[in-house]
Amino acid sequence: MPFWPNIYAGKTLITHGETGVSKTDRETVEQVCAWYGHRADALIEILHDVQRAHACVSDEAARTIAASLNISRAEIQGVRSFYADFSTAPRAERRIRLCRAEACQAVGADQLAAELDRAGTPHEAVYCLGNCALGPAALIGERLVGRATPDRLAAASAGSGDDD
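Residues numbered from 1 in each chain as written. Predicted model: local features only at pLDDT ≥ 70, side-chain atom pairs only at ≥ 80, totals over all residues. Heavy atoms only, no water.

S.K.: How should the overall build of the protein be read in this particular structure?
M.R.: Secondary structure assignment for the protein yields eight helices and four strands. Across the protein, the fraction of contacts at a sequence separation of at least 24, relative to all contacts at a separation of at least 6, is 56%. (Helix = DSSP H or I, 4+ residues; strand = E, 2+ residues; numbered from the N terminus. Contact = heavy atoms within 4.5 Å.)

Written out as structure tokens, the structure is:
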């Protein structure tokens, strides 16, 4: 079970100052690391929990994690830059990630991407959301949308509609 729901509910932890992560945020990052026993093999889970709490894994958070897990910042940067889900700066919560893998391409993902481009709707390419049977698939925030169309994506972005 991830750590973040236990302590983050109802709290605003993101600090947009020039000094990086606030003392409260640094303490929260340290608590997340402690929850996982300061284990380097839990790095991905720690990064996910920090990202959920802060909307990103900032450089300051990475320094705190590195010190807490006794690993190099380069190791954290390697993981942070390899996985597209991790960001060093806050991103829009409701961004559209459109599957562009072969199964979704076969059922119209390229055409859907072109329609979104023509409409000026920003989206990101990802490769396999694990919803191949219901392609083209998209992810809006953490909401999976199968058989995606521009109308279904708009409804899911608004938080309503048939998106199963």
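S.K.: Is there a simple way to think about helix α3 (residues 43–54) in this case?
M.R.: Side chains three or four residues apart in an α-helix point the same way, a direct result of the helix having 3.6 residues per turn. Taking 1.5 Å per residue, 12 residues should reach 16 Å; α3 reaches 16 Å between its end C-alpha atoms and fits that length. Here α3 has its buried residues at L43, I46, L47, D49, V50, Q51, A53 and H54. One or two steps after α3, the chain reaches A55, where phi turns positive at roughly 70°. (Expected span 1.5 Å × (residues − 1). Buried < 20%, exposed > 50% of the residue type's maximum accessible area, 1.4 Å probe, protein only.)

S.K.: Where do I start with the side chain of Q51 in this structure?
M.R.: With respect to the secondary-structure elements, Q51 resides in helix α3. A polar side-chain atom of Q51 sits 3.1 Å from the main-chain amide nitrogen of S87. (Polar contact = N/O pair within 3.5 Å; in protein donor to acceptor, adjacent residues only side chain to side chain.)

S.K.: Where do I start with the state of the cysteines in this structure?
M.R.: In protein chemistry, a disulfide is the covalent bond that joins the sulfur atoms of two cysteines. Taken as a whole and assessed by the stated rule, the structure comprises zero disulfides. Of all cysteine sulfurs, the one in C132 lies closest to C128, which takes part in no disulfide; the gap is 4.1 Å. (Disulfide = S-S within 2.5 Å.)

S.K.: I'm lost on unusual backbone geometry in this one. Help?
M.R.: Most peptide bonds take the trans form, and the phi angle of most residues other than glycine is negative. Backbone torsion omega between G135 and P136 reads -5°, so that peptide bond is classified as cis. In this structure, P136 sits in the loop between β2 (124–126) and β3 (138–140). Unlike most non-glycine residues, A55 shows phi in positive territory, near 70°. Position of A55 relative to the elements: it lies in the loop between α3 and α4 (59–69). Residue R147 is not a glycine yet carries a positive backbone phi of 50°.

S.K.: When you look at the pattern of salt bridges in this model, what are you seeing that I'm missing?
M.R.: Any two side chains of opposite charge can pair if their charged atoms end up close together. Counting across every chain of the model gives nine salt bridges. Among the ionic pairs, D49 bridges to R52, the shortest N-O distance being 3.4 Å. Residue D49 and its partner R52 are located together in helix α3, separated by three residues, close to a single helical turn. Judged by relative accessible area, R52 falls into the partly exposed class, the value being 36%. Note that D85 and R97 form a salt bridge whose closest N and O atoms lie 2.8 Å from each other. Of this pair, D85 sits in the loop between α5 (73–82) and β1 (96–99) while R97 sits in strand β1; the two residues are 12 residues apart in sequence, bridging distant segments of the chain. The partly exposed category is assigned to D85, whose relative accessible area is 38%. Residue R97 is classed as buried on the basis of its relative accessible area, which comes to 9%. (Salt bridge = Lys/Arg side-chain N within 4 Å of Asp/Glu carboxyl O.)

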